Each structure stands twice: as C-alpha cells, then as structure tokens.
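This is what each chain is made of:
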2 protein chains.
Amino acid sequence: MMISTRGKYALRVMACLARMDQEKYIPLKEITESEEISQKYLEGIMGTLSKAGLVESAHGKGGGYRLSRPPEDYRIGEILRLTEGSLSPVSCLEGETRPCPNAARCSALPVWRKLDSLINNYLDGIYLSDLIDGSGGDNYVI
Amino acid sequence: MMISTRGKYALRVMACLARMDQEKYIPLKEITESEEISQKYLEGIMGTLSKAGLVESAHGKGGGYRLSRPPEDYRIGEILRLTEGSLSPVSCLEGETRPCPNAARCSALPVWRKLDSLINNYLDGIYLSDLIDGSGGDNYVI
DNA sequence: GAATTGCCTATTGACTGGGTAGGGAAAAGA
DNA sequence: TCTTTTCCCTACCCAGTCAATAGGCAATTC
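Okay, so let's go over this structure. Residue numbers here run from 1 along each chain, matching the order of that chain's written sequence. The naming scheme follows written order: chains are lettered A onward, ligands numbered 1 onward. pLDDT decides what is reported in this predicted model: residues at 70 or higher carry local features, side-chain atom pairs at 80 or more are listed and counted, and totals for whole chains, interfaces and linings draw on all residues regardless. Processing note: side-chain calculations cover all non-hydrogen atoms of the structure and skip hydrogens and water entirely.

## With respect to the overall build of chain A
Selection criterion: Helix and strand assignments come from DSSP, with helices taken as H or I runs of at least 4 residues and strands as E runs of at least 2, each series counted from the N terminus. Contacts between residues were defined by any pair of non-hydrogen atoms, one from each residue, lying within 4.5 Å. Values of accessible area rely on a 1.4 Å probe in the Shrake-Rupley scheme; residue burial ignores everything except the protein chains shown. Charge assignment: positive for Lys and Arg, negative for Asp and Glu; neither His nor the chain ends contribute. By convention, the point assigned to a charge is CZ for Arg, NZ for Lys, CD for Glu and CG for Asp.
If you tally the helices and strands in chain A, you get six helices and two strands. Starting at the N terminus, the α and β elements of chain A follow one another as α-α-α-β-β-α-α-α. By principal-axis analysis of the C-alpha atoms, chain A measures approximately 60 × 35 × 25 Å. Taking as baseline every contact in chain A between residues at least 6 positions apart, the subset at least 24 positions apart corresponds to 68%. As displayed, chain A has an accessible area near 7,000 Å², and 48% of this comes from carbon and sulfur atoms. Once the 17 positive and 19 negative side-chain charges of chain A are each reduced to a mean point, those two points are 7 Å apart.

## Section: the relation of the copies chain A and chain B
Put simply, the rule reads: For the least-squares superposition of copies, only C-alpha atoms count, and only for residues with pLDDT at least 70 in both.
Laying chain A over chain B is done by rotating through 180 degrees and shifting 0.0 Å along the axis; what remains is an RMSD of 0.0 Å. Taken together, the rotation angle and the small translation identify this as a two-fold axis. In terms of proximity to the rotation axis, the leading residue of chain A is A:M2, whose C-alpha is 2.5 Å off the axis. Of all interface residues in chain A, 100% are interface residues in chain B too; the two copies therefore contact each other through one and the same surface.

## Comments concerning the interface of chain A and chain B
Counted only if it meets this: Two parts placed together each lose some accessible area under a 1.4 Å probe, and the buried area is that loss summed for both. One side-chain nitrogen of Lys or Arg within 4 Å of one carboxyl oxygen of Asp or Glu is enough to make a salt bridge. For this analysis, a polar contact is any N or O atom pair within 3.5 Å, provided that within protein one partner can donate a hydrogen and the other can accept it, and provided that sequence-adjacent residues contribute only side-chain to side-chain pairs.
On the chain B side, the residues contacting the 33 residues of chain A number 33 residues. In this assembly, chain A packs against chain B so that about 3,100 Å² is buried in total across both faces, 67% of it on carbon and sulfur atoms. The interface formed by chain A and chain B holds zero salt bridges in total. Run the count over chain A and chain B and you get eight residue pairs in polar contact (both at pLDDT 80 or more). Secondary structure elements with two or more residues in the side of chain A that touches chain B: α1 (5-18), α4 (76-84) and α5 (109-124) of chain A.

## Side note on α5(A)
Our working definition: By this rule, a helix spans an expected 1.5 Å times one less than how many residues it contains. Partly exposed residues are those whose accessible area sits between 20% and 50% of the maximum for their type, while under 20% is buried and over 50% is exposed, using a 1.4 Å probe and protein chains only.
Its 16 residues give α5(A) an end-to-end C-alpha distance of 22 Å, which sits within 8% of 22 Å, the value for a rise of 1.5 Å per residue. For α5(A), every residue scored as buried is listed here: A:L109, A:V111, A:W112, A:L115, A:D116, A:I119, A:N120, A:Y122, A:L123 and A:D124. In the core, the buried residues of α5(A) are packed alongside α4 of chain A together with α1 (5-19), α4 (76-84), α5 (109-124) and α6 (128-132) of chain B.

## So, the protein's contact with DNA strand C
Spelled out, the test is: Nearness of a residue to a molecule or strand requires only that one of the residue's heavy atoms be within 4 Å of it.
In the vicinity of DNA strand C there are 23 residues, among which A:L28, A:S57, A:Y65, B:T5 and B:K40 approach most closely. Those atoms of DNA strand C that come within 4 Å of the protein belong to sugar or phosphate at a rate of 59%. In the model, a phosphate oxygen of DNA strand C is placed 2.6 Å from a nitrogen or oxygen of the A:Y65 side chain. Between a phosphate oxygen of DNA strand C and a side-chain N or O atom of B:S38, the distance comes to 2.9 Å.

## Description of the protein's contact with DNA strand D
A:T5, A:K40, B:L28, B:S57 and B:Y65 are the nearest of the 23 residues found near DNA strand D. The contact atoms of DNA strand D, taken as those within 4 Å of the protein, divide so that sugar and phosphate hold 61%. Residue B:Y65 places a side-chain N or O atom 2.7 Å away from a phosphate oxygen belonging to DNA strand D. Counting residues per element, the surface near DNA strand D draws most heavily on α1(A), at three residues.

## Some remarks on the pattern of salt bridges
The full count for this structure, using the stated rule, is 10 salt bridges over all chains. With its nearest N and O atoms 2.8 Å apart, the salt bridge here joins A:R69 to A:E78. The shortest N-O distance in the salt bridge between B:R66 and B:E56 comes to 2.9 Å. Here B:R66, found in strand β2 (residues 64-67), pairs with B:E56, found in strand β1 (residues 55-58); they are 10 residues apart in sequence, far enough to count as distant. When its relative accessible area of 22% is taken as the criterion, B:R66 is described as partly exposed.

## A word on the nonpolar core
Keep this limit in mind: In these notes, a set of buried Ala, Val, Leu, Ile, Met, Phe, Trp, Tyr and Cys residues joined through side-chain atoms within 4.5 Å is what counts as a nonpolar core.
Core analysis: the biggest nonpolar cluster contains 88 residues, and A:W112 and B:W112 have the highest contact counts within it. With near-sequence residues (within four places) excluded, B:W112 lies in contact with A:I3, A:K8, A:L11, A:L80, B:P89, B:V90, B:C92 and B:L93.

## Brief notes about the packing of aromatic side chains
Residues and elements named next belong to chain A. Cut-off, in case you're wondering: Classification of ring pairs uses Phe, Tyr and Trp, with its six-membered ring standing for Trp, and accepts pairs whose centres are within 6.5 Å; under 30 degrees between planes counts as stacked, over 60 as edge-to-face, and the remaining range as tilted.
Across all of its chains, the model carries two aromatic pairs over all chains by this definition. Measuring from centroid to centroid gives 5.8 Å for Y9 and Y41, while their planes differ by 75 degrees, and the two rings are edge-to-face. Of the two residues, Y9 is situated in helix α1 and Y41 in helix α3 (residues 39-51); the sequence distance between them amounts to 32 residues. On the accessibility criterion, Y9 (19% relative accessible area) is buried. Overall, Y41 belongs to the partly exposed group, its relative accessible area being 38%.

Any functional reading would require information that these geometric values do not contain.
If you want it as structure tokens, here you go:
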C-alpha cells in the first residue's frame, strides 16, 4: 500500500474546500464535524498543505482555510506526493540523489522507473475538480 | 512504497534460479552467498514461493530449489502479489470481500480501482525472462 | 481582554518490516 | 545406522511508521 489515510484525508479536505465558497475561510472544526476526521490529526496535514501553498489560512474568528487556486488547477498527484512524501512504488526510487549502489547493474530498475512514471502520470491526469463534479452531487466522501 | 525488500528478494531469487540449470536443485546457501541476502530471512520467502508452487524444493544433499516452469511463464506481477500479499495502492482495495463502508459514495474509489488495474496490468505484462536476458549478461542483480 | 482559530512539539499504542535464533524433519551417502 | 546436508517451522526482537491524542502558544477579531 502506497497511499495511506494521510493522503486520503488530504484529498477529502481539499475536495471539501472545493465544494464550498472559494472566498470564505472555512474553519477546520466545520470540516472535521461533517467528515468525521480527527481534528488534531488533520491539523498536521493542513500544516503541510499550507506551507506548500496549496491552501491559504487565516487565524482568529472568521479564519480557517481556503483553496489558493480553482479546483481544476490541482492535480491529485501533486496533493498526494506532498502529503505522502513520495508515490514511488519502491524505496530505490525515493532518494534518487544518492541511489542504490546496485543501480547500474539492476535489471529491475527500468521496471520500477516505468511503473513510477505510470503511477505519477495517471494521478497527474486527474484534477481535484474531477472528484467533486462528475456523477453524484455533494454527498460524496473520499 | 508498495513493494518492499520481500518482493524484491523474491524476484532476485527467481531471476537467479532462472539463470541456472533448470533441472538441478540449487541450495539456498549458494544463492545467498552470491546475492548477499540473509539466508534465514530468505527461507521464509522461499516457503511462500514453494507452497504456492512457483518453485519446487528437495531436502537433503543435492537438494535445494528450482523453478517449476520456464522463466517466460512467470509474470512478475504474480511473484510480487504472492510475496507482498497485495499490490493495491490503497487499503480500501485490499479486502474487497468486506469493502469500506463509504464505498458507495466515495468519489475517489474509481480512481483507486483504475490505478490498481494499471499497476497490476503493467507488472503482469513483464515476465521473469525479461529480467534476465535483455542487455547485460549474467552479472545483473535486483 | 475574551473568544476563536491556526500552529507547534511531544507522546502514545498498535502495527509492520527486516532480521535472528533454535531446532525439527526429510533425504542422501558412507 | 549414523552423519551430513538441506528445507521447514515457530517464536522472538528491534527499529521505524501510522494514526491519533494532549497541551499549550500565537495571531486575529469582536
């Protein structure tokens, strides 16, 4: 398994924000109540999203989070890579700055590389907006 | 990360066996010496491969393991699914007998399903024989 | 200055991954 | 029959990760 609840929660929050008024800041409390996600846990994930600029935040009353771009400008690959750290199917590809010492003679490496780009390209071809419009109104979860 | 050393070791052993005399039984000791894998750890993996019929085993002197089919008849997806337990990118797809309670209204589920079949189809399109012939003689590792 | 909200740093408990330890059972050869 | 070789089985260990919790600080609004 490659995508944990962390990434799935991130998608849910982003989809949730995408369904709401894009101007207003939405407090986390409001989201966790309807989505049944641990608020404290989600706070950590929001920190990641916020630091990377995927959402904007505001303190105090009337504060909360909102998307910083329109939903059709988020690739879900981007959201998942950020929150999961990596979407690589094998650890060999994770720190490609200092690769596996056997890389030069590894006959499986090309397979992992191809698989990796297959996964990333697929997830980069799907946009946040694809998760919210589509077939089913606004009673959708992730 | 979805494919751990367990699956990679399995591929290495299978590739190693594929490069040797298909009739003779090869003792694990011989493999772990050249591949630098913990013998005790590998024993557990071989048990899985043997029980599933991917390799045949023989006790005693002159014993060891050998492939039970020609290398071009093993899909690497088969080897990896067996040793890793599952290649699902998300836990939602792992026990599909009793699926996630939100499955019916999950807008991401179709995405996971598609991703899952993408991964499995790709790995099922590559055969053990593809890892050993190809470009580089027999000094290849995984 | 009180209330609201985001942020930051532990800490926990369960689980998993990789590996170790020790010994038992089967087969072959002397 | 006895020893050696090999596979097999069960249990254990240690480090790391995942999901969640706890507590409190900082910023903003009213």
